[in-house]
Amino acid sequence: MYDTMNMITNTILGMTSGASITSVLSTASVNETMSVVQDYGADIANSLLVTNNVWMMVATFLVFIMHLGFAGVEAGFGQAKNTVNILFKNTLTPIIGILTYYILGFNLMYPGFAEDSSGWFGFAGFFLESGSTADVSVGYADGGYTYWTDFLFQAMFAATAATIVSGAVAERIKLSSYLIFTVIFVGIVYPLIGSWKWGGGALDMMGFYDFAGSTLVHSVGGWGALAGVIILGPRLGKYVDGKVVDKPGSSVPLAVIGVFLLWLGWFGFNGGSVLSADPGLTSFVLVTTCLAASAGGLGGFIAAYFMFKRLDLGMVLNGILAGLVGITAGADVIEPPMAIVVGLIAGFLVVISAVTLDKLKLDDVVGAISVHLTCGVWGTLAVGIFSTNPDHSFGAQLIGVAVAGAMAFVSAFIIFYVLKMISGIRVSEQHEKEGLDSHEHGIRGYTIIYE
Amino acid sequence: MYDTMNMITNTILGMTSGASITSVLSTASVNETMSVVQDYGADIANSLLVTNNVWMMVATFLVFIMHLGFAGVEAGFGQAKNTVNILFKNTLTPIIGILTYYILGFNLMYPGFAEDSSGWFGFAGFFLESGSTADVSVGYADGGYTYWTDFLFQAMFAATAATIVSGAVAERIKLSSYLIFTVIFVGIVYPLIGSWKWGGGALDMMGFYDFAGSTLVHSVGGWGALAGVIILGPRLGKYVDGKVVDKPGSSVPLAVIGVFLLWLGWFGFNGGSVLSADPGLTSFVLVTTCLAASAGGLGGFIAAYFMFKRLDLGMVLNGILAGLVGITAGADVIEPPMAIVVGLIAGFLVVISAVTLDKLKLDDVVGAISVHLTCGVWGTLAVGIFSTNPDHSFGAQLIGVAVAGAMAFVSAFIIFYVLKMISGIRVSEQHEKEGLDSHEHGIRGYTIIYE
Amino acid sequence: MYDTMNMITNTILGMTSGASITSVLSTASVNETMSVVQDYGADIANSLLVTNNVWMMVATFLVFIMHLGFAGVEAGFGQAKNTVNILFKNTLTPIIGILTYYILGFNLMYPGFAEDSSGWFGFAGFFLESGSTADVSVGYADGGYTYWTDFLFQAMFAATAATIVSGAVAERIKLSSYLIFTVIFVGIVYPLIGSWKWGGGALDMMGFYDFAGSTLVHSVGGWGALAGVIILGPRLGKYVDGKVVDKPGSSVPLAVIGVFLLWLGWFGFNGGSVLSADPGLTSFVLVTTCLAASAGGLGGFIAAYFMFKRLDLGMVLNGILAGLVGITAGADVIEPPMAIVVGLIAGFLVVISAVTLDKLKLDDVVGAISVHLTCGVWGTLAVGIFSTNPDHSFGAQLIGVAVAGAMAFVSAFIIFYVLKMISGIRVSEQHEKEGLDSHEHGIRGYTIIYE
């Protein structure tokens, strides 16, 4: 027993005197280790927040540059006598979009509907939260990003809906009417419809899916464009004796710059719509987006070649945009081979749609309705056909298209109609013939004269 | 007692034989755990460094693209007969800026003033550190970013100061004189003034605040432009019989491309000036920057409409730039609603300033003085008015504006004056009339001829 | 002994009853801590993956925008009567590049050669992996990035090789022949040569080094351009009575936009070729890239000034591109001062090369051969001279240049020759004189007419 006692005693003394064991057993050191480990946990979460936020800021920049892309496409495809007017609209549009979204749009689109509430309208108040509360990083899913980034990314989106309208109604709309329309459409109509899905409202509850906005952004803008074109009527001399008269754009290089910038920007539009820097999902979305754009360009090329027997650059460019609009609703749930199919079909559709609109004497200067409405609808329905997510259904997609479309078209129609009644929305015949630039702005878009 | 002994024995044997306990108590395993935890600490710090560095590189790209933005604005607003000359200047300017900043500017701007030294001049030697020492990542605050990124981000800034001058003195300055001016102004004057605040020198000690350079970059460039315009005199035929003669720019679309690229670039200019990817602060800065730009554009639109009764795209564009310059000094300390106020006032000021300069027969081709000097001063003072940081004072801001302005203006004046004495700084009357392109470059900017 | 017993008993009881000690010794708490620590390990690795992936996606965007850069340079330097044709090629080229790389190029370039196999040909099958396996993030070195990002970054590279050819053969090549050439060159020739080095094939085994593709991308494209120019012959009226006739480009601003976008894009081309966001290496590469570009522009400026006594903007622009191509092979292993030397020499070489080609009546519309072939070879050899890595040798570089060059030139020559035999590769004399736009496309690039 004495031996046993000695063994026990030695063991215990060995334990308590042994340096390494002591260090574990000392309360201070244990707590310290635990605390360091906990701090690391916070640091890691913070690290993911930082990276997500960087990604979302990059995406925001890319969506911002889409506004220059739209300006390029519209000024490039528009006639030289109206270049300044078009650019004026395209410069004011993001300004109006950002400011109205700051004032009310953001809180109208994300009103914080109650869970399972099937909301149709909500409003979280004017302006943003004040710095003292909002400056602190607010976490969304999986690391999150900040409140400020959230606002700015969404604000960049908002203005695109109005820009889409701008291209269609160019060369004849009165600037003041366009600006008033834009304030209302971007400030109220767009965020209201957006709230139904992205704000967690009624369409979201119905199972409608629209990843980055084939419907909520593009077809909403496209419906607005259609309403505008119907109320405005075609440009003078566009449809003569049953024939469509070409109105050559001022600068094809400018249109090409615009389309490439839009393609670039779409990487942020779709890539940022993941709402985190999740590596698998963001890069998957970029691949489907890029393949659909390429296939769309190819589709536009092929369709135009067979329909017009011409190497039609305009249709290649619009085909690229068509492919991008088409994949936008399902960029995260459509496999690459099917993304090519979606893009290719969008490329065909944009050509067919453009021809059809001309037959109906609906004069769309840059093809905005064919790109954003026709292919926005197509892309939304394509989710119902090709989605890898079994929860997505063609029926729900159709409902979403119809509900958002009805609201967007009717709202835009009413706004344009009221403006027409009150102050007119079309410039005088003389101004339209001579060009809007010399009358409304007093300068020319290009002054390339050598003395 | 035997029971007690048994209990003790069993407890100890249980402890030493129990697998989980043993694993904790074994020295190797404990050390391993501690070591893993420590490695994670280093990994987490590294992870933040990596992300900061990515953000700062992105910001560097954005500031780089501002040089294309300036080229677009200047070539767009300049006359077609001088397009190549303007673009030549705008292409050489970043080249000179980057190379001189590499040779001496960086070490002149960040000389490593001793703590609390109130330094006015310091120089850390020519060129960068060699790769063997510098290739290792050097940490700045909170994770840091690398030495190389630090250099490149700052190098991109440096050249902007000279570019600002370039726009004002265009269409009549002799190219050789401009290039020599640029070497001295970017290589020495800009970094010297910068060292007083960002290098931790005397202005920094006085409590002067300039977040991203309303004064240190923009008004410094603006003062240089003012000196140049005074010494050069107006373009031939600009002021005739007390009237201001319009000299139409070659391409409004080009100017619009330029302004949008500058807006985009400013996200990096201000966002990168946080000097880390701190999510709250970077995204806050982007929001104030973007709101001020929008409000500036709106302010330019409104002011021009009331002063000229015209929808003046040029003033909307310069208003955007004015808003951006205005918010630059305080983008991190001015709340969003006040950022809008700062931008809106900047938009008004840019129009008033342009009119005033024309009255003084100070001929600034692109409005660079109004944008960068007037609004640079306004933005710096606005920090004294709107800053959320109680340490910032109107007095300190005024001192900073005056000290930096005096140095920039006097230096630029002396350089231009000496150049004028030695070799002349203005092209011949014939060259100016016929355009600089055919004489200095032998080609035209645009050759849009169809045979 | 009883005292001893008491001491022991108290110690043990103290141990087992002490709160802090107990918490360490409890199996559950220990396991939990270990598990948390292990999770953090995974989170940290994931965090690095996320950041790497963000960086590689940004790099992908930048390489994408190079296609707009090439479009700008080529349309800007090309004659106005061929603008649409040039832009058509430049729009279709990335479309073809991305789609063929998706179909087969990626798996031809990265066939998974066996270790130490010295492979010359391998093919990992058509299309990409399906989503179910590939959607999961796949790790490469040090944190890695995803399979999708890997594909897209490389796809953006692929199309550049063909774009290089496009600029040289512009204004006279039949569009259908160019498109067929592009499909084969980008789909097969480029990835095959790439596999020899980047795919881990034979050239890699021989010690050849090409960081981002001075040889594998630029000289491969340059050799293709040379073959095309030889087979096509010069434009009508380019070389008359032993003199070189200037064919003024349509828009210098467009060329400047193109070069700045290429410079911007190169930050992604080289920066992304690090294949991770490694902060030291990525930022080092950006610095050498930027310094070489600047030095190249300066070199082109100086060389043209002494050779032509002219301030030659075209040579400054091509000098910038020359510097960029020159540093591409060794951007990660050449110190900043030597990067300036490499760029400066590239700037000289591009001027000498352009003059030499004109003497040989090799008509290259935009100087693509001088920029990409001459300076691609120079840059690759420069690694053998200036590399900080002692494993790099001039001999191995020379072998790489020769092997890749032989394959690229012979392949391109055969493709063009066969196309010439089958269907002709040159447009009719009348079409060339009147411009390709009116004949092949039915529209003009610029319509700047005021009624």
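Residues numbered from 1 in each chain as written. Chains lettered and ligands numbered in written order. Predicted model: local features only at pLDDT ≥ 70, side-chain atom pairs only at ≥ 80, totals over all residues.

Enquirer: I keep staring at the overall build of chain A and nothing clicks. Help me out?
Expert: Counting its secondary structure elements, chain A contains 17 helices and two strands. Within the span of chain A, comprising 451 residues, buried residues form 65% of the whole. By sequence separation, contacts in chain A at least 24 residues apart represent 80% of the contacts at least 6 residues apart. (Helix = DSSP H or I, 4+ residues; strand = E, 2+ residues; numbered from the N terminus. Buried ≥ 20, exposed ≤ 12 C-beta atoms within 10 Å, placed from the backbone. Contact = placed C-beta atoms within 7 Å.)

Enquirer: What is the right way to read the relation of the copies chain C and chain A from this model?
Expert: Comparison of the two chain copies shows a relationship of rotation about an axis with a shift along it. Note on the identical chains: chain C maps onto chain A by a rotation of 120 degrees and an axial translation of 0.0 Å, with an RMSD of 0.0 Å. Here the copies are linked by what is in effect a three-fold axis. Taking C-alpha positions as the reference, the residue of chain C nearest the rotation axis is Thr51(C), at 3.5 Å. (Least-squares fit on C-alpha atoms with pLDDT ≥ 70 in both.)

Enquirer: Would you mind showing me how to read the interface of chain C and chain A here?
Expert: In many analyses, interface size is given as the accessible surface area lost on bringing the parts together. Each side of the interface is counted separately: chain C has 66 residues, and chain A has 60 residues. When residues of the side of chain C that touches chain A are traced back to their parent elements, those giving at least two are helix 1 (2-17), helix 2 (19-25), helix 3 (27-77), helix 4 (83-109), helix 6 (147-168) and helix 17 (436-441) of chain C. No other element matches the 21 residues that helix 3 of chain C contributes to the side of chain C that touches chain A.

Enquirer: Honestly, helix 6 (residues 147-168) of chain B in this entry has me stumped. Any pointers?
Expert: Across its 22 residues, helix 6 of chain B extends 34 Å between first and last C-alpha, which sits within 8% of the 32 Å expected from 1.5 Å per residue. By the criterion of burial, helix 6 of chain B is predominantly enclosed, with 22 of the 22 residues buried. (Expected span 1.5 Å × (residues − 1).)

Enquirer: Is there a simple way to think about the packing of helix 12 (residues 313-328) of chain A against helix 4 of chain C in this case?
Expert: A pair of packed helices is captured by two measures, namely the crossing angle of their axes and the spacing between those axes. Where helix 12 of chain A contacts helix 4 of chain C, the axes come no closer than 10 Å and their chain directions differ by 30 degrees. As summarised for this structure, helix 12 of chain A and helix 4 of chain C are arranged roughly parallel, according to the angle between their axes. The hand of the helix 12 of chain A/helix 4 of chain C crossing is left-handed. Two secondary-structure elements touch here, helix 12 of chain A through Leu313(A), Val316(A) and Leu317(A) and helix 4 of chain C through Val84(C), Leu87(C), Phe88(C), Thr91(C) and Leu92(C). For the contact of helix 12 of chain A with helix 4 of chain C, the per-class residue count stands at seven nonpolar, one polar and no charged. (Axes fitted to C-alpha atoms, helices over the stretch in contact; angles between N-to-C directions. Parallel < 35°, antiparallel > 145°, perpendicular 65-115°, else oblique. Left-handed = near helix turned anticlockwise from the far one by under 90°. Nonpolar A, V, L, I, M, F, W, Y, C, P; charged D, E, K, R; others polar.)

Enquirer: Can you help me understand the packing of helix 9 (residues 214-232) of chain B against helix 14 (residues 368-386) of chain B in this one?
Expert: Residue and element names in this part refer to chain B. At a closest axis distance of 8 Å, the pairing of helix 9 and helix 14 adopts a crossing angle of 140 degrees. Between helix 9 and helix 14, the interaxial angle falls into the category oblique. With respect to the hand of their crossing, helix 9 and helix 14 are arranged in left-handed fashion. Mapping the contact onto sequence places Ser214, Thr215, His218, Ser219, Gly221, Gly222, Trp223, Ala225, Leu226 and Val229 in helix 9 and Ala368, Ile369, His372, Leu373, Gly376, Val377, Gly379 and Thr380 in helix 14.

Enquirer: Any chance you could explain the confidence of the model for chain A here in plain terms?
Expert: Keep in mind that low pLDDT regions are not for reading the predicted coordinates in detail. Residues and elements named next belong to chain A. In the predicted model, chain A carries a mean pLDDT of 90, and the fraction of residues at 70 or more is 89%. A low-confidence stretch, residues 4-26 (pLDDT under 50), is modelled with 27 contacts involving residues beyond four sequence positions or located in other chains. Taken over the whole predicted complex, pTM reads 0.94, whereas the ipTM for its chain interfaces reads 0.93. (pLDDT = per-residue confidence, 0-100.)

Enquirer: Explanation requested: unusual backbone geometry in the structure shown.
Expert: Negative phi values dominate among residues other than glycine, just as trans dominates among peptide bonds. Residues and elements named next belong to chain A. Although it is not a glycine, lysine 309 sits at a positive phi angle of roughly 50 degrees. Inspection of the secondary structure puts lysine 309 in the loop between helix 11 (279-308) and helix 12. On the neighbour-count criterion, lysine 309 (9 C-beta atoms within 10 Å) is exposed. At lysine 361, a residue that is not glycine, the phi angle is positive and equals roughly 55 degrees. Note on lysine 361: 13 C-beta atoms within 10 Å, which makes it partly exposed.

Enquirer: So what exactly am I meant to see when it comes to the environment of Asp39(A) here?
Expert: All names here are of chain A. Positionally, aspartate 39 belongs in helix 3 (residues 27-77). Since 12 C-beta atoms lie within 10 Å of it, aspartate 39 is described here as exposed. Remark: the alpha-carbon pair of aspartate 39 and phenylalanine 306, spanning 267 residues in sequence, is separated by 65 Å.

Enquirer: It is not clear to me how the environment of Phe64(A) should be interpreted in this structure. Could you clarify?
Expert: Along the chain, Phe64(A) falls in helix 3. When sequence neighbours within four positions are dropped, the list of residues in contact with Phe64(A) reads Met156(A) and Leu264(B).

Enquirer: Would you mind showing me how to read helix 9 (residues 214-232) of chain C here?
Expert: Three or four residues apart is the spacing at which side chains of an α-helix point the same way, because the helix has 3.6 residues per turn. Along its 19 residues, helix 9 of chain C runs 25 Å from first to last C-alpha, staying within 8% of the 27 Å computed at 1.5 Å per residue. Among the residues trailing helix 9 of chain C, Gly233(C) stands out with phi positive, at a value near 80 degrees.

Enquirer: Sorry, what's going on with the environment of Leu291(C) here?
Expert: Mapped onto the elements, Leu291(C) comes out in helix 11 (residues 279-308). Among the residues examined, Leu291(C) registers 29 C-beta atoms within 10 Å and is labelled buried. In the structure, Leu291(C) is positioned 48 residues away from Ala339(C) in sequence and 6.5 Å away in space, judged by C-alpha atoms. Excluding anything up to four places from it in sequence, Leu291(C) contacts Ile98(B), Tyr102(B), Pro336(C), Ala339(C), Ile340(C) and Gly343(C).

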